[in-house]
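# Residue-level structural notes
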Amino acid sequence: DETNPAFVPTLAPAADAAGNTDRARRFLEASALKSGRPSPLLDLARLRLTDATIHPAGPNQKLTDPQLASVLKPLFDARKLRPLLPEIYETIALAWLGAETIPKNENLAVLTEGMKAFPRHPGIFHAAATLYLRIGNLEAARSLATHGEKISTSDNDRARFAELKASLPPPTE
């Protein structure tokens, strides 16, 4: 039953994996919030982010505020559901990275929440460090990248953090 919200978490990713993104999007748009689970909302946000990234409406190939809001809305809805997923926070940071608007400190508070909830998840720390680099907070970017290196369990993750740190100018004393 394609209208059963409990079935959508299985059907939508399967449709997407089969290359039928439009069908997956229809399922998710119709019932992600009704499912009561965070994963369909995360999947919906990721589809919207992919669409917005492929077809940015803003100048300089960036997401406009309406595009950003359409990605963030399901993510913020997903934060209210359990189990809480670290990928929610990582995707929030990635959405802000692609946005035309520079986030303010109050917009970034949600990332602090995610890093506190998942202190050993390198994806959140890398996305947050990259975002802080983008907005010019080099001290925060350096600190997050250093922490990310320490918590990384794979060589690939450690290399990503080392590369990020290498892109930062030397600290001023």
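It should be noted that the structure appears before, not after, this text.
Being a predicted model, the structure only gives us computed values, none of them experimental.

Applying the stated rule across the entire model yields one aromatic pair. When the ring of tyrosine 89 is compared with that of phenylalanine 118, the centres are 6.3 Å apart and the planes differ by 50°; the resulting orientation is tilted. Here phenylalanine 118 lies in the loop between helix H6 (105–117) and helix H7 (122–135) and tyrosine 89 lies in helix H5 (residues 86–97), a separation of 29 residues in the sequence.

The next thing to look at is the environment of threonine 21. By secondary structure assignment, the location of threonine 21 is in helix H2 (residues 21–31). We classify threonine 21 as partly exposed; its relative accessible area is 27%. On a C-alpha basis, the gap between threonine 21 and tyrosine 132 in space is 32 Å, while along the polypeptide they are 111 residues apart. Not counting chain neighbours up to four residues away, the residues in contact with threonine 21 comprise Ala15, Asp16 and Leu47.

Our focus in this paragraph is the side chain of serine 35. Here serine 35 lies in the loop between H2 and helix H3 (38–54). At 2.8 Å, the side chain of serine 35 forms a polar contact with the backbone oxygen of alanine 32.

Let's shift gears to unusual backbone geometry. Residues arginine 82 and proline 83 are joined by a peptide bond in cis, for which omega reads 5°. Within the secondary structure layout, proline 83 lies in the loop between helix H4 (65–78) and H5. Of note, the phi angle at asparagine 60 is positive, near 60°, even though the residue is not glycine. With respect to the helices and strands, asparagine 60 occurs in the loop between H3 and H4. Residue classification places asparagine 60 among the exposed residues on the basis of a relative accessible area of 69%.

Conventions and cut-offs
Residues numbered from 1 in each chain as written. Predicted model: local features only at pLDDT ≥ 70, side-chain atom pairs only at ≥ 80, totals over all residues. Heavy atoms only, no water. Phe/Tyr/Trp six-rings, centres within 6.5 Å; stacked < 30°, edge-to-face > 60°. Helix = DSSP H or I, 4+ residues; strand = E, 2+ residues; numbered from the N terminus. Buried < 20%, exposed > 50% of the residue type's maximum accessible area, 1.4 Å probe, protein only. Contact = heavy atoms within 4.5 Å. Polar contact = N/O pair within 3.5 Å; in protein donor to acceptor, adjacent residues only side chain to side chain.

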